[in-house]
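# Architecture at a glance
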Amino acid sequence: MTTGSRRHGETGDAAAAPSVELRDIRKSFGGITAVDGISLVVGQGEFLTLLGPSGCGKTTTLRMIGGFELPTSGEVYIGGQPMGDRPPYRRPVNTVFQNYALFPHLTVGQNVAYGLEMAGVGKKERARRTTEALEMVRLPHVERRKPAELSGGQQQRVALARALVNRPAVLLLDEPLGALDLKLRKAMQMELKALNREVGATFIYVTHDQDEALTMSDRIAVMRDGRVQQLGTPAEMYERPRNRFVADFIGQTNFLAVEVADLDGEWAIGRAAGGQRVRVRRADGTMRGELATLAVRPEKVMLRADAPERPDWNHLEGVLEEAIYLGAHSQYVLRLPADERIIVHRQNRAVGEEEPRLGETTVVVFDPAAATLLND
Ligand SMILES: Nc1ncnc2c1ncn2[C@@H]1O[C@H](COP(=O)(O)OP(=O)(O)O)[C@@H](O)[C@H]1O
Ligand SMILES: [Mg+2]
């Protein structure tokens, strides 16, 4: 394994060299289907996140890659090789769990070196690689301390060093930052991303936290009920969510009912609340005459006074019902006809900016390209 030889931007190309491939893997526990047919390819050195609510099958998927569970059907490939029923220690993989369980009676150095000792690596080489692994996680000079003498964040880094010390091709991480407070978690997110670039190993990361997924990942797989709902880069997932579940799980979204009147290439033209005309990006399955759901993010919707004069943009009229100052931005809620609501986020730039008044009829506008019809 080379260190520091890759530059930013070289990750995430799954087509280059598959590191991990899942082919239709399923897992049932008695009557419960935990994983219901997942197929995906992870590229060499890629940072892929499995994101979804509790119980959607993230941990079970990770455990099948690591060899802690065997699939009921389907196959896991690592480095092009089918893993079959190979046990964890015979896979080029290491795992960091949420409860990182360091041995309390061993020093930090002994904790990190433990796996190397089990593998029969000689003393000198062990010492060298232990020091190197602790430097990787930016924790030099703590080898002789006991885990209890370190902070939670430092202990988590020792757990990472322990997983990195035998240079796995693939690192599996199951909510490893869950026990840390928010500020430390944010700092560790940046460090994990940097570590992924430096070390060159493939990272497969499990979390239920959308911010964490957006911060670190080359690609995100959003899961629900044992299946992948959508797989893409953070920007793709945010800008082009395929269905309501993904749109709702990543970020905040306005959903409006639209009756589709006409289709024009990649566009759909329809009527929203109260018959107001809208033009939006269609979904794959959008049909003329159907009642569909439009999704548009609050920061893409503007008060007319803030927007450029663009007749081709969508204009919706409603009554301003709520205005909340939130520091970096303000949130406005407009009541549209048919009792729908649309939320607007406006960046706060200048003190004394013109404020719309509650109860007034107000027009909001958005670019047709910023709105999508959903596939369900
Ligand atoms: N060893 C097990 N025995 C029985 N059911 C399990 C077992 N492991 C997981 N499950 C069930 O499988 C589903 C998915 O669990 P899990 O993979 O842990 O989800 P997540 O990590 O996304 O929270 C849940 O319904 C869970 O209760
Ligand atoms: Mg889990």
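It should be emphasised that the depicted structure is a prediction, and the values quoted were computed from it without experimental measurement. (Residues numbered from 1 in each chain as written. Chains lettered and ligands numbered in written order. Predicted model: local features only at pLDDT ≥ 70, side-chain atom pairs only at ≥ 80, totals over all residues. Heavy atoms only, no water.)

## Concerning the packing of helix α2 (residues 108–118) against helix α4 (residues 152–164)
- With their axes 7 Å apart at the nearest point, α2 and α4 run at an angle of 30° to one another. With respect to each other, α2 and α4 are oriented roughly parallel. Regarding α2 and α4, the two cross each other, and that crossing is right-handed. For the pair α2 and α4, contact is made by V108, N111 and V112 and by V158, A161 and R162, respectively.
- Classifying every residue of the contact of α2 with α4 gives four nonpolar, one polar and one charged. (Axes fitted to C-alpha atoms, helices over the stretch in contact; angles between N-to-C directions. Helix = DSSP H or I, 4+ residues; strand = E, 2+ residues; numbered from the N terminus. Parallel < 35°, antiparallel > 145°, perpendicular 65-115°, else oblique. Left-handed = near helix turned anticlockwise from the far one by under 90°. Contact = heavy atoms within 4.5 Å. Nonpolar A, V, L, I, M, F, W, Y, C, P; charged D, E, K, R; others polar.)

## Quick notes on the site of ligand 1
- Close to ligand 1 lie F29, A34, P53, S54, G55, C56, G57, K58, T59 and T60.
- Here an oxygen atom of ligand 1 sits 2.7 Å away from a polar atom, N or O, in the main chain of G55.
- In this structure, an oxygen atom belonging to ligand 1 sits 3.1 Å away from a main-chain N or O atom of G57.
- The protein chains hide 60% of the 560 Å² of surface that ligand 1 would expose on its own.
- Broken down by element, the residue count for the shell around ligand 1 peaks at three residues, all from helix α1 (residues 58–66).
- Of the residues in the shell around ligand 1, the class split is four nonpolar, five polar and one charged. (Near = heavy atom within 4 Å. Polar contact = N/O pair within 3.5 Å; in protein donor to acceptor, adjacent residues only side chain to side chain. Areas by Shrake-Rupley, 256 points an atom, 1.4 Å probe, with all protein chains shown as cover.)

## Regarding the domain arrangement of the protein chain
- Domain boundaries assigned for the protein chain yield domain 1 (18–245) and domain 2 (252–373).
- A straight line from the C-alpha centre of domain 1 to that of domain 2 covers 40 Å.
- Contacts between the two partners involve six residues from domain 1, matched on the other side by eight residues from domain 2.
- Summing both partners gives a buried area of about 700 Å² for domain 1 against domain 2, and 39% of it is carried by carbon and sulfur.
- In terms of surface lost to domain 2, no three residues of domain 1 exceed Y238, R240 and R244, which account for 74% of the buried area on that side.
- Where domain 1 touches domain 2, the interface holds one salt bridge.
- Between E239 and K300 there is a salt bridge; the shortest N-O distance is 3.0 Å.
- Remark: the boundary between domain 1 and domain 2 carries four residue pairs in polar contact (both at pLDDT 80 or more).
- It is helix α7 (residues 234–239) that contributes the most residues to the side of domain 1 that touches domain 2, three residues altogether.
- Residues of the side of domain 1 that touches domain 2, tallied by class, amount to three nonpolar, no polar and three charged. (Domains from an automatic or database assignment. Buried area = accessible area lost by both parts, 1.4 Å probe. Salt bridge = Lys/Arg side-chain N within 4 Å of Asp/Glu carboxyl O.)

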